[in-house]
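Take a look at the letters that make up each chain.
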Amino acid sequence: MNSIEFDHVTKTYRGAEGYRSLRDDVADRFRRRTRKPGSRSAIHALNDVNLEVPVGQALALIGDNGAGKSTALKIISRITYPTSGRVTVRGRVGALIEVGTGLHQELTGRENVNLYGRILGFSGRDIRRRFDEIVDFAGIGAAIDQPVKQYSSGMELRLGFAIAAHLEPDILIVDEAISVGDAGFQYRCVERMSKLVREGRTLLFVTHNLAAVEALCDRTILLASGEIKMDGEPRRVIHEYLRKVHADVTERAGSQVILGPGIEIHEVTLHDSVGRSVTSIRPGDPLTVRIRFRTTAELDSPQFSIGISDPTLGMLTMASMLLDGEDLGRVSGDTWVEVSFDGLPFKPRAYDVVGDVRQNFGRIVDLQRLARFQVEDDAILNGTGTNVVTRSMRGAPVHLPYRWRYPGRESSEDVIVSELIASNE
Amino acid sequence: MSRLAVSRARPQEAPQETVNGAESGRVFELWRYREVLFAFIVRHVKVRYKQAAIGIGWSVLQPLFASLLFALFLGRFAHIGSEGVPYFVFALAGMVLWTFFAASVSSSAESLIRDAAMVRKVYFPRTILPLSAVGAALVDVPAALLVLFGSVLITGGRPSIYWLLVPLPLLLVMLAATSIGMIAAALNVYYRDVRHALPFVLQVLLFASPVVYSLDVVPGRWRGLYEAFNPMAAAIEDMRRLVLHGTQPDWLSNLVALGWLAILVVAGVTVFKALEKDFADRL
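What you are looking at is a predicted structure, and each value in this text was computed from that prediction instead of being measured.

Each value, and the rule that gives it
Residues numbered from 1 in each chain as written. Chains lettered and ligands numbered in written order. Predicted model: local features only at pLDDT ≥ 70, side-chain atom pairs only at ≥ 80, totals over all residues. Helix = DSSP H or I, 4+ residues; strand = E, 2+ residues; numbered from the N terminus. Buried ≥ 20, exposed ≤ 12 C-beta atoms within 10 Å, placed from the backbone. Contact = placed C-beta atoms within 7 Å. Rg over C-alpha atoms; globule rule 2.2 N^0.38 Å. Axes fitted to C-alpha atoms, helices over the stretch in contact; angles between N-to-C directions. Parallel < 35°, antiparallel > 145°, perpendicular 65-115°, else oblique. Left-handed = near helix turned anticlockwise from the far one by under 90°. Nonpolar A, V, L, I, M, F, W, Y, C, P; charged D, E, K, R; others polar. Pairing = 2+ DSSP bridges. Core = buried A, V, L, I, M, F, W, Y, C linked by C-beta atoms within 7 Å. Expected span 1.5 Å × (residues − 1). Bend = angle between axes of the 7 residues up to and from the residue. pLDDT = per-residue confidence, 0-100.

> How do you make sense of the overall build of chain A when you look at a structure like this?
Of the regular secondary structure elements, chain A holds 10 helices and 20 strands. Taken over 425 residues, chain A has a buried fraction of 39%. Looking at chain A alone, contacts between residues at least 24 apart form 72% of all its contacts between residues at least 6 apart.

Here you go:
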């Protein structure tokens, strides 16, 4: 049996129009005669989505902002209606929707627990019975009798989750909400969610926390522009999603002429071991960076530095003529310089090639991004570890071979060896 | 601010099937959510008087002061007729109902916007919001009625068995306030103009209703029409007959008013339900 069924669901929002006054609409009514209908830009938050979620499935929706994830959740929890099509939901829905609450600011925590308890379908007696549990989980103590407007945002979030955490929904919907809590709170949320999953309840999880998706869910859907782009095993979908994100940033890093005093860098290209131009390599592959440049006047002893950096973590490695005591001598006109890295022990994701040019110890071209490339590795899909996809694609970027030894794993054939996953066998 | 909301579509035993479709109209679920309605009313009343020093006293003071003012300017200075009872009591009988009506309508009109955060985060029947606004205003009425009864007795009036029929005019006002309030609330989501127009409309309605003057001043041939189209007229007239004069209500005009109100209620619910679908997206 299915918990949730989407039957050709479309949700359209009219284009940005802000607040409208009666005057605007009356004016439009007259104007409409001359305008074609539908000329106002419409946004398809969901576009003809069909989906079945069996009872007990832990499903994650991932995708960029604006892909339609939250809209889907709002339709399931009946906060908003679909423009066309229908959604059937079997069972009680407990939902933590988005950041921002319905907790009433003027009421105390206790009064809010009561109000929400009623909305969620509890009787007065049920609420009283769970009250202590809720206060306990929220960890707000005596503040429960203060107005919510005096709470810190963290307290309010915890109270909101505590109320939801103590229902027994058939379907639990968790939006990005929990990601704004502190680490301890997030841990308890995930713990609570996995408990509900183990109990066989249906989970619908929307998040950018891909590691949690890989750990918790048994199915993942990738949404883009309101459509289901991919549906399947979490690590495959996550891998595809991250690969695409990396490919996008690689593609967007278009080359343009870089100018410095006396120098114009015209082209930076990347090549594999046989000289073919590439934008992606496999882990452990060699990479050659070739720079074509022109001098506007004769240039004396320019020194290049070329490195590879991770956009968030910073520089990973650097080849520097300054340190190596190299320079190009006297150069003029069109010329080139190349550096080859023998093997890059990098995990799959996007990397920047950065570089600068110095002359007489002064920079004539500042350190900047020259190109971008991607390391790709489908082999991680076969990895056995937890969260192997997310961790490989989001965790520490450099992989050096290592071995594990511990009592019982001491002899040489027992030793657990880790090598870069890529294998060209 | 980092907060979160909780929603549960079904408060009953699972698994129940809920359909959320473009065409599927929502049937009346109010009965199932009656406890929620009650909780909203309680919340309303609490919030209203939370930081007010004299709290619920305001619900008495408002009609009282208004009646005193009218008694001074209209009764004493302008010599407006008051059906043989002191003008103050005469006006108070009308003001008690009028205050209830005006408070209900203006509170209903703002109800969806006031709780926009909840409408965007949690499902419950949206009709609960305007209804709870009317319900919360009703809570104020008994205190005001007691003051009215006291004033009648102090000014030499006598208690009557017909005082027990006071719920009848209250019902009329409640129906009128509910339907008008629902329309105003729904329209207010789309056009904030409603917020600005409403005080003016209420003022016009105040003088179009026999609050500060007697129904007798309406010319005979217009009176039927006046009463038929202004349900407040029948209610206020009931109030005066029952409380001030200790006589029966005019049953025929009550029947006409009820018929007219039935149409108004259907219109209110229809408008509200039609606009309801976009509330969460438009708020």
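> Which parts of the structure should I look at to understand the overall build of chain B?
Looking only at helices and strands, one finds 11 helices and two strands in chain B. Each helix and strand of chain B, placed in order from N terminus to C terminus, yields the pattern β-β-α-α-α-α-α-α-α-α-α-α-α. A globule of 283 residues ought to have a C-alpha radius of gyration of about 19 Å, and chain B, at 21 Å, matches this closely. Dimensions along the principal axes, computed over C-alpha positions, put chain B at roughly 65 × 45 × 35 Å. Here chain B holds 283 residues, and the buried ones make up 46% of them.

> Hey, could you run me through the packing of helix α3 (residues 109-119) of chain A against helix α4 (residues 124-138) of chain A in this one?
When two helices pack together, their arrangement is given by the angle between the helix axes and the distance between those axes. All names here are of chain A. Orientation of α3 relative to α4, taken along the N-to-C sense of each, is 125 degrees, at an axis distance of 11 Å. Regarding the angle of α3 to α4, the classification is oblique. For the element pair α3 and α4, the recorded crossing hand is right-handed. Each of Val-113, Asn-114 and Gly-117 in α3 lies in contact with α4, whose residues at this interface are Ile-127, Phe-131 and Ile-134. A class-by-class count of the residues in the contact of α3 with α4 yields four nonpolar, two polar and no charged.

> Where do I start with the sheet that holds strand β11 (residues 263-271) of chain A in this structure?
Picture the strands of a sheet paired through backbone hydrogen bonds; they go either parallel or antiparallel. All names here are of chain A. What the four strands build is an open sheet, ordered β10-β11-β13-β16; its pairing is antiparallel. The strands lining the two open edges of the sheet, one partner per strand, are β10 (258-260) and β16 (330-341). The mean inter-strand angle of the sheet, taken between neighbouring strand axes irrespective of direction, is 25 degrees. In the sheet, strand β13 (residues 287-300) pairs with β16 via 11 bridges, with the strands oriented antiparallel. Among the inter-strand pairings, Val-289 is bridged to a residue of β16, identified as Val-339.

> In this structure, what is going on with the nonpolar core? I would like to understand it.
One recurring pattern in soluble globular proteins is that nonpolar side chains are buried together. With 148 residues, the main nonpolar core has Ile-76 of chain A together with Phe-101 and Val-173 of chain B as its most contacted residues. Looking at this core, the element that brings in the most residues is helix α3 (residues 87-114) of chain B, giving 18 residues. Residues contacting Val-173 of chain B, with those up to four places away along its chain left out, are Leu-97, Phe-100, Phe-101, Met-232 and Ala-235 of chain B. Leu-287, Ile-291, Ile-308 and Val-375 of chain A belong to the second largest nonpolar core, which has 23 residues in total.

> Is there a simple way to explain the sheet that holds strand β17 (residues 349-359) of chain A in this structure?
All names here are of chain A. Taken in spatial order, the five strands line up as β12-β18-β17-β14-β15 in an open sheet, and their pairing is mixed. Edge strands, defined here as strands with exactly one partner in the open sheet, are β12 (280-281) and β15 (314-320). Sheet topology note: the strand β14 (residues 303-310)/β15 ladder contains six bridges and is antiparallel. Paired with Ser-309 across the bridge in β15 is Met-315.

> I'm lost on the pairing of strand β3 (residues 58-62) of chain A in this one. Help?
Looking along a regular strand, one sees the side chains alternate between the two faces of the sheet. All names here are of chain A. For β3, a buried count of five out of five residues is recorded, marking the element as mostly surrounded by other parts of the structure. Every second residue of β3 is oriented toward a common face, with Ala-58, Ala-60 and Ile-62 on one face and Leu-59 and Leu-61 on the other, all of them buried. Pairing of β3 with strand β7 (residues 202-206), which is carried by four bridges, proceeds in the parallel orientation. Along β7, the bridge assignment pairs Leu-61 with Val-206.

> How do you make sense of the environment of Val-212 of chain B when you look at a structure like this?
Residues and elements named next belong to chain B. In this structure, Val-212 sits in the loop between α7 (193-208) and α8 (220-229). As for Val-212 and Ile-80, which are separated by 132 residues in sequence, their C-alpha atoms are 8.3 Å apart. Setting aside residues up to four positions removed in sequence, Val-212 forms contacts with Phe-70, Leu-74, Ile-80, Ala-91 and Gly-94.

> Explanation requested: helix α1 (residues 34-49) of chain B in the structure shown.
Side chains three or four residues apart in an α-helix point the same way, a direct result of the helix having 3.6 residues per turn. The end-to-end C-alpha distance of α1 of chain B, which contains 16 residues, comes to 23 Å, matching closely the 22 Å that a straight helix rising 1.5 Å per residue would cover. Turning to α1 of chain B, its buried residues number three or more, namely Val-36, Leu-37, Ala-39, Phe-40, Ile-41, Arg-43, His-44, Val-45 and Arg-48 of chain B. Packed against the buried residues of α1 of chain B are α3 of chain A together with α5 (128-154) of chain B.

> Even after reading the chapter, I still don't get the environment of Gly-329 of chain A, so can you show me in this structure?
All names here are of chain A. Of note, Gly-329 is situated in the loop between α9 (321-324) and β16. The exposed category is assigned to Gly-329, around which 9 C-beta atoms lie within 10 Å. A C-alpha to C-alpha distance of 32 Å links Gly-329 and Pro-311, two positions 18 residues apart in sequence.

> Would you mind showing me how to read α4 of chain A here?
All names here are of chain A. With 15 residues, α4 should cover 21 Å at 1.5 Å per step; its first-to-last C-alpha distance of 20 Å lies within 8% of that length. At Arg-130, α4 shows its largest kink, close to 45 degrees. Of all the positions in α4, only Ile-127, Ile-134 and Ala-138 are classed as buried. Phi turns positive one or two residues past the end of α4, at Gly-139, with a value near 60 degrees.

> Could you clarify how one ought to interpret unusual backbone geometry in this entry?
Glycine aside, negative phi is the norm for most residues, and most peptide bonds take the trans geometry. Residues and elements named next belong to chain A. The backbone phi angle of His-8 is positive, close to 45 degrees, even though this residue is not glycine. Phi is positive for Asp-48, which is not a glycine, with a value near 50 degrees. Along the chain, Asp-48 turns up in strand β2 (residues 42-54).

> Hey, could you run me through the environment of Arg-192 of chain A in this one?
All names here are of chain A. By the element assignment, Arg-192 lies in helix α6 (residues 183-198). Owing to 19 C-beta atoms within 10 Å, Arg-192 belongs among the partly exposed residues under this scheme. Spatially, the C-alpha atom of Arg-192 lies 9.8 Å from that of His-166, the residues being 26 residues apart in sequence.

> Please clarify how the packing of α3 of chain B against α5 of chain B should be interpreted in this entry.
All names here are of chain B. Where α3 contacts α5, the two axes come as close as 8 Å, and the packing angle between them is 165 degrees. Classified by the interaxial angle, the pair formed by α3 and α5 is roughly antiparallel. The chirality of how α3 crosses α5 is right-handed. A per-class count over the contact of α3 with α5 returns 19 nonpolar, six polar and no charged.

> When you look at the confidence of the model for chain B in this model, what are you seeing that I'm missing?
For any part of a model where pLDDT is low, the fine detail of the predicted coordinates should not be relied upon. Residues and elements named next belong to chain B. Scored by pLDDT, chain B comes out at a mean of 84, with 90% of its residues at no less than 70. Averaged over each element, pLDDT in chain B is lowest for strand β1 (residues 5-7) (39) and highest for helix α6 (residues 167-190) (95). Contacts from residues 1-14, a stretch scored under 50 in pLDDT, to residues over four places away or in other chains number 70 contacts. Interface confidence in the predicted complex, given as ipTM, is 0.74; pTM for the same model is 0.75.

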